[in-house]
Amino acid sequence: MKKLVIKTTFITIIVILVVCIAVMGAICVFKPRIIGNMFENLGNYEASQYFYQRQYEKTQEIEDLILLIDNAYEKQDNDRLVVFVKALIKNKDFYAYCQSKNAKLAPNQMTTEEYYFGVYVELSILDGNFSNAIKCAKSYVVKGDGSLRIGYTKYNPFRILVNYHLEISTDQKQTLVNVINGLQGVITDSAQLGYLQEDLNKLN
């Protein structure tokens, strides 16, 4: 009788363990964000980012990508941050997401586009990739065909590049001047032209 009780208890424990493993496996596959939250609460950044990235790869939802960015930013993980922000800017829902966020901002406050493009440009500068920073900043202002995208707004990413003008080479500075000069024919807004001229004055 005693052996039967022990055997039954052992089988019950095994079944419970198998069920728990199956449930955890299903969560990892179908809801990795839940596991990511658990590891984040435990202070395990690497594990949480791994599962958050699995979540984004599964859903391609912009909110899941924002979570990756926020975590990387908080931990100053620039290597991951530059990858995630680049993916955000290229995400098909990026501008719609920005519009929804911008609707809640006060007048003259930095827009969501300005913020994320600015982050990417500054990370590129810090990484020594000046040409990439220029390319990204230009893609904020104009589209690939040269037509206006957002414009030379108050906090556009070129302004970050200009703030680094004392730390870049003479050739890089001249490249920056040439690119900004080339935008004058596209910008028609008087305020934006004013910001553009301010930056050219700093560079000259």
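Placed above this text is the structure.
Nothing here was measured: the structure is a model prediction, and the numbers come from that model.

Novice: Teacher, can you tell me more about the overall build of the protein here?
Specialist: Along its length, the protein carries 11 helices and 0 strands. When the elements of the protein are put in sequence order from the N terminus, they spell out α-α-α-α-α-α-α-α-α-α-α. When each of the 204 residues of the protein is scored for burial, the buried share is 37%. For the protein, the accessible surface area stands at approximately 12300 Å², while carbon and sulfur atoms represent 57% of it.

Novice: Help me out: how do you make sense of helix H5 (residues 78-90) in this one?
Specialist: Each α-helix turn comprises 3.6 residues. Residues three or four places apart therefore point the same way. Look at H5: 18 Å from first C-alpha to last across 13 residues, which is about the 18 Å you get at 1.5 Å a residue. Listed as buried for H5 are Leu-81, Phe-84, Val-85, Leu-88 and Ile-89. The buried residues of H5 occupy one face: seen down the axis, they fall within an arc of 135°. In H5, those exposed residues whose orientation departs by more than 90 degrees from the buried face are Asp-79 and Lys-90. Packing partners of the buried residues in H5 comprise helix H3 (45-59), helix H4 (62-74), helix H6 (94-102), helix H7 (112-126) and helix H8 (130-141).

Novice: Could you clarify how one ought to interpret the environment of Gly-151 in this entry?
Specialist: The topology assignment puts Gly-151 in the loop between H8 and helix H9 (158-163). Separated by 12 residues in the primary sequence, Gly-151 and Ser-139 have C-alpha atoms spaced 9.7 Å apart. For Gly-151, the residues in contact, after removing those within four places along its chain, are Tyr-140, Val-141, Asn-156, Ile-187 and Gln-192.

Novice: Please clarify how the packing of helix H10 (residues 170-182) against helix H11 (residues 190-203) should be interpreted in this entry.
Specialist: Relative placement of two packed helices is described by the angle separating their axes and the distance separating the axes. Where H10 contacts H11, the two axes come as close as 10 Å, and the packing angle between them is 155°. Looking at the two axes, H10 sits roughly antiparallel to H11. H11 is crossed by H10, and the crossing has left-handed handedness. For the pair H10 and H11, the contacting residues are Lys-173, Leu-176, Val-177, Ile-180 and Asn-181 in the first and Leu-196, Leu-200 and Leu-203 in the second. Residues of the contact of H10 with H11, tallied by class, amount to 6 nonpolar, 1 polar and 1 charged.

Novice: How do you make sense of the side chain of Asp-64 when you look at a structure like this?
Specialist: Structurally, Asp-64 can be placed in helix H4. Given the relative accessible area of 5%, Asp-64 is considered buried. Side chain to side chain, Asp-64 and Thr-59 meet in a polar contact 2.6 Å long. The contact partners of Asp-64, leaving out residues within four places of it in the chain, are Arg-33, Gln-55, Tyr-56 and Thr-59.

Rules and cut-offs
Residues numbered from 1 in each chain as written. Predicted model: local features only at pLDDT ≥ 70, side-chain atom pairs only at ≥ 80, totals over all residues. Heavy atoms only, no water. Helix = DSSP H or I, 4+ residues; strand = E, 2+ residues; numbered from the N terminus. Buried < 20%, exposed > 50% of the residue type's maximum accessible area, 1.4 Å probe, protein only. Areas by Shrake-Rupley, 256 points an atom, 1.4 Å probe, with all protein chains shown as cover. Expected span 1.5 Å × (residues − 1). Arc of directions from axis to C-beta. Contact = heavy atoms within 4.5 Å. Axes fitted to C-alpha atoms, helices over the stretch in contact; angles between N-to-C directions. Parallel < 35°, antiparallel > 145°, perpendicular 65-115°, else oblique. Left-handed = near helix turned anticlockwise from the far one by under 90°. Nonpolar A, V, L, I, M, F, W, Y, C, P; charged D, E, K, R; others polar. Polar contact = N/O pair within 3.5 Å; in protein donor to acceptor, adjacent residues only side chain to side chain.

Function cannot be read off these values alone, since they describe shape.
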